[in-house]
Amino acid sequence: MGDSASEQTWLTLRVIHQKRAHHLWTPVVFQAAWRMPGQYLVILHQDTHESQVQRTIRRLRARAARRGHPVQVLHTYSGALQGFLVQMSREALQLAVTLPHVHFIEEDSYIFAQSAPWNLQRLLQPYGGMAEVYLMDGSIQSSHREVEGRVLITDFNNVPEEDGVRVRKQASQCDSHGTHLAGVVIGSDSGVARGAGVNLVRVLNCQGKGTVSGALAGMEYIRVTLQARPVDALVVLLPFIGGFSRSLNAACRDLVSHGAVVIAAAGNHRDDACLYSPASEPEVITVGAVNSADQLMSQGAGGSNYGRCVDVFAPGDDIVSASSDCSTCFTSRSGTSQAAAHAAGIAAIILSSNQNVSPVQVLQMMLHYSISNTINLLPLPETLRLPTPNLVAELTPPSPSLADRGLLCRSVWSERSGRGRGDMAASRCRQGEQMMSCSSVAPDGAGVGEFISVSSATHSAPPRRPLNLPCVYRCALVAWSASPTMVRQVKACHSFPGCTAHSPAELLLDSRPHPKHRRRCTAREDVTSQAVCCHAPSLECRLLETVSLDTDQVELSCLSGWTLTDCKAITEGSTVVEPVATGNSCLIRGAAGGNRIAGVAACCRVTPERDPETKAN
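Residues numbered from 1 in each chain as written. Predicted model: local features only at pLDDT ≥ 70, side-chain atom pairs only at ≥ 80, totals over all residues. Heavy atoms only, no water.

- Looking at an unreviewed UniProt entry, one finds the protein chain named Proprotein convertase subtilisin/kexin type 9 and attributed to Oryzias latipes.
- The UniProt entry for the protein chain carries this comment under Sequence similarities (unreviewed entry): "Belongs to the peptidase S8 family."
- As its UniProt record puts it under Cofactor (unreviewed entry), the protein chain is described as follows: "Ca(2+)". (UniProt positions renumbered as here; feature names shortened; annotations may be inferred.)

What about the overall build of the protein chain?
- Within the protein chain one finds nine helices and 38 strands.
- Per-residue burial over the protein chain gives 57% buried out of 617 residues.
- A total of about 25900 Å² of accessible surface is found on the protein chain, and carbon and sulfur atoms cover 48% of it. (Helix = DSSP H or I, 4+ residues; strand = E, 2+ residues; numbered from the N terminus. Buried < 20%, exposed > 50% of the residue type's maximum accessible area, 1.4 Å probe, protein only. Areas by Shrake-Rupley, 256 points an atom, 1.4 Å probe, with all protein chains shown as cover.)

Let's talk about the packing of helix H4 (residues 212-228) against helix H5 (residues 246-257)
- Running from N to C, H4 and H5 point in directions that differ by 15°, and their axes come no closer than 10 Å. Classified by the angle their axes make, H4 and H5 are roughly parallel. Classified by chirality, the crossing of H5 by H4 is left-handed. Counted together, Val212, Ala215, Leu216, Met219, Ile222 and Arg223 of H4 and Ser247, Leu248, Ala251, Cys252, Asp254 and Leu255 of H5 form the full contact between these two elements.
- Classifying every residue of the contact of H4 with H5 by side-chain character gives nine nonpolar, one polar and two charged. (Axes fitted to C-alpha atoms, helices over the stretch in contact; angles between N-to-C directions. Parallel < 35°, antiparallel > 145°, perpendicular 65-115°, else oblique. Left-handed = near helix turned anticlockwise from the far one by under 90°. Contact = heavy atoms within 4.5 Å. Nonpolar A, V, L, I, M, F, W, Y, C, P; charged D, E, K, R; others polar.)

Things to note about H4
- If you check H4, its first and last C-alpha atoms are 25 Å apart, about what 17 residues at 1.5 Å a residue would give, namely 24 Å.
- Among the 17 residues that make up H4, twelve are buried, leaving the element largely enclosed by the rest of the structure.
- Residues Val212, Ser213, Gly214, Ala215, Leu216, Ala217, Gly218, Met219, Glu220, Ile222, Arg223 and Leu226 constitute the buried set of H4. (Expected span 1.5 Å × (residues − 1).)

So, the state of the cysteines
- Considering all chains together, one arrives at six disulfides under this definition.
- In this model, Cys326 is linked to Cys329 through a disulfide, with the two sulfur atoms separated by 1.8 Å. Because the sign of the S-S torsion sets the handedness, a value of about 105° for the bond joining Cys326 and Cys329 places this disulfide among the right-handed ones.
- Take Cys326: its relative accessible area is 25%, and that puts it in the partly exposed class.
- The class for Cys329 is partly exposed, based on a relative accessible area of 22%.
- A sulfur-sulfur separation of 2.1 Å characterises the disulfide bridge that pairs Cys558 with Cys603. Across the S-S bond linking Cys558 and Cys603, the dihedral sits near -85°, which makes this disulfide left-handed. (Disulfide = S-S within 2.5 Å.)

Overview of the pattern of salt bridges
- Tallied over the full model, the rule gives seven salt bridges.
- Residues Asp189 and Arg145 are paired through a salt bridge, measuring 3.6 Å at the closest nitrogen-oxygen approach. Taken together, the residues span a long stretch of sequence, with Asp189 in the loop between helix H3 (171-186) and strand E9 (197-202) and Arg145 in the loop between strand E7 (132-137) and strand E8 (151-157) at a distance of 44 residues.
- Look at Asp189 and you get partly exposed, because its relative accessible area is 42%.
- Between Arg223 and Asp254 there is a salt bridge, and its shortest N-O distance comes to 2.7 Å. (Salt bridge = Lys/Arg side-chain N within 4 Å of Asp/Glu carboxyl O.)

Observations regarding the nonpolar core
- Membership of the largest hydrophobic core comes to 51 residues, with the highest contact counts inside it found for Val235, Leu237, Val261, Ile263, Val287, Val362 and Met366.
- Per-element tally for this core: the top contributor is helix H6 (residues 336-353), with eleven residues.
- Beyond its immediate chain neighbours, meaning those up to four positions away, Met366 contacts Ile285, Val312, Ala343, Ile346, Ala347 and Ile350.
- Ile43, Leu85, Leu204 and Ala250 belong to the second-largest nonpolar core, a separate cluster that totals 35 residues. (Core = buried A, V, L, I, M, F, W, Y, C linked by side-chain atoms within 4.5 Å.)

Some points on the packing of aromatic side chains
- Taken as a whole and assessed by the stated rule, the structure comprises three aromatic pairs.
- Here the aromatic rings of Trp34 and Tyr276 are separated by 6.1 Å at their centres, their planes lie at 50°, and the arrangement is tilted.
- A relative accessible area of 2% means that Trp34 is categorised as buried.
- In this structure Tyr276 comes out as buried when scored by relative accessible area, which is 0%.
- With a centroid separation of 5.4 Å and an interplanar angle of 40°, the aromatic rings of Phe156 and Tyr221 are classed as tilted. (Phe/Tyr/Trp six-rings, centres within 6.5 Å; stacked < 30°, edge-to-face > 60°.)

Focus: the confidence of the model for the protein chain
- Confidence in the prediction of the protein chain, expressed as mean pLDDT, is 76, and 71% of residues score 70 or more.
- Ranking the elements of the protein chain by mean pLDDT puts strand E27 (residues 474-476) last with 27 and strand E13 (residues 261-265) first with 98.
- Taken together, the stretch residues 1-29 has pLDDT below 50 and engages in 69 contacts with residues farther than four places along the chain or on a different chain.
- Confidence drops under a pLDDT of 50 for residues 611-617, and excluding neighbours within four residues, the segment shows one contact in the predicted structure. (pLDDT = per-residue confidence, 0-100.)

Quick word on the environment of Leu248
- With respect to the helices and strands, Leu248 occurs in helix H5.
- Residues Leu248 and Ala215 lie 33 residues apart in sequence; the distance between their C-alpha atoms is 7.6 Å.
- Ignoring any residue separated from it by four or fewer positions in sequence, one finds Leu248 in contact with Val212, Ala215, Leu216, Met219, Phe240, Ser277 and Pro278.

Quick notes on the packing of H6 against helix H7 (residues 359-368)
- Axis separation between H6 and H7 bottoms out at 10 Å; the angle between their running directions is 110°. The angle between the axes of H6 and H7 places the two elements in the roughly perpendicular class. Every pair of crossing elements has a handedness; the one defined by H6 and H7 is right-handed. In this structure, H6 contributes Ala343, Ile346, Ala347, Ile350 and Leu351 to the contact, and H7 contributes Val362, Met365 and Met366.
- In the contact of H6 with H7, the residues fall into eight nonpolar, no polar and no charged.

Here it is, written out as structure tokens:
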């Protein structure tokens, strides 16, 4: 997109909760020009019946009319969200606050496009024929030779008017962004998934500009279409960003829960991706951009967004693909939109080779085949450096199979908690993942106590006893001696719960909740929590341990075929230690000249299938 990461303004958008009639004010980062004053999304409670939408509209109109306040309802939502889009004055807004069934109200805002060469050197195989990609963008020149015969222009169209009175709505300008991205995803020469098809849902105008309300309507259109005609291999590509939007994130989350692989651009503002939507939604695959040297893309004052909300990076700088200037033209563009299009193509290939896999399995496979530790993250702000994934997406093997991938795990970071008593930081695994590790890191590097809990319940203290699992590991610390060692009590089994440190000086028993529940890793007071989340159908695990005798650093690495699922550190004194899981290694740093450090790492793998004759014996 053309907007740079210029000066941003903190605006306070009013989000109204009906619970106990409390009003919650939520700060959201927007550039002032992104706002749409006087236009609001009124979202009702999730369990509200569809008929209540019209009843709420009638009540609002009646109350506003009695007081002389104009109200114009522009759109209603009855899919992922129940609610409506309305233009009204601030006085009418105050009336809407008091209506029954209203969950929250959000000011509408703009979203923006984020706009074989080097990027295809790793992406050479024409696959993806079983997948459909829904591209939410502007227009596509469907007659271009790169995509001809594989693009469906749907009848959905929800875009704002172009800015200015002299906007030239030439077809080539309106089609430029969408045509280029379609070429990256499915282009015959420049595409990743050359056998896939693209369905265009138009939510951006000729200037690459749309609205949150229009994007919500577009997602509702996709949802209704899929109900009428289900698709096994579905990718939804969102090559745009706006300010943080609770409603937009919720709609993305709903698509994922219905089996869609949703891929979003991280944004081109050289900023924390968690400040923007849909990039901040944990259930979508958020993609940042790198250049041909596998370094973060830079665009003048802007560049690729980063941080814990980014899942992976992909080629996004100087990408050659289809141009809308003519049916045989090509052009070069840069942006996290192009990076997200690469990831969408890879997802299409994975889905074509593995029917009925879940969105989280697609993410895990994408990360598994990514190139690691090539990006220089030192220029990033210190607080965002560690949570930013050092992974660049690469094409999977010709027929990527879940049976070939071993144990798939990823690190998940929380935002930093507040400093108040009782403040917590929580890392959450996605649907279909098991939480295998839970750690906390404070500004001084110390572990301050953490625990695993079920996301649907709130625990104010660590579990007192193991839950009803077939077996769990117990980790215990033996007193330091002249020859310090670590021992453990282990009961043979094929599941590993994670061994959780509740203070820098001990390891305590911990256990996982029932595998059907999602979990969260919770830590307290001015810390960041890190969880290791795995797709784990059947496991066997081993513990690695070592003690530093004359160094302030310890590293433990899992063998080939095994995956690191937990990383813990213990010191014989009060020395600050900082255990961090990086890739397949557990790195533990202590204070220079401090006491000795012990490291414990858990390495797991999917239990290998036995030979039929062996099973019989």
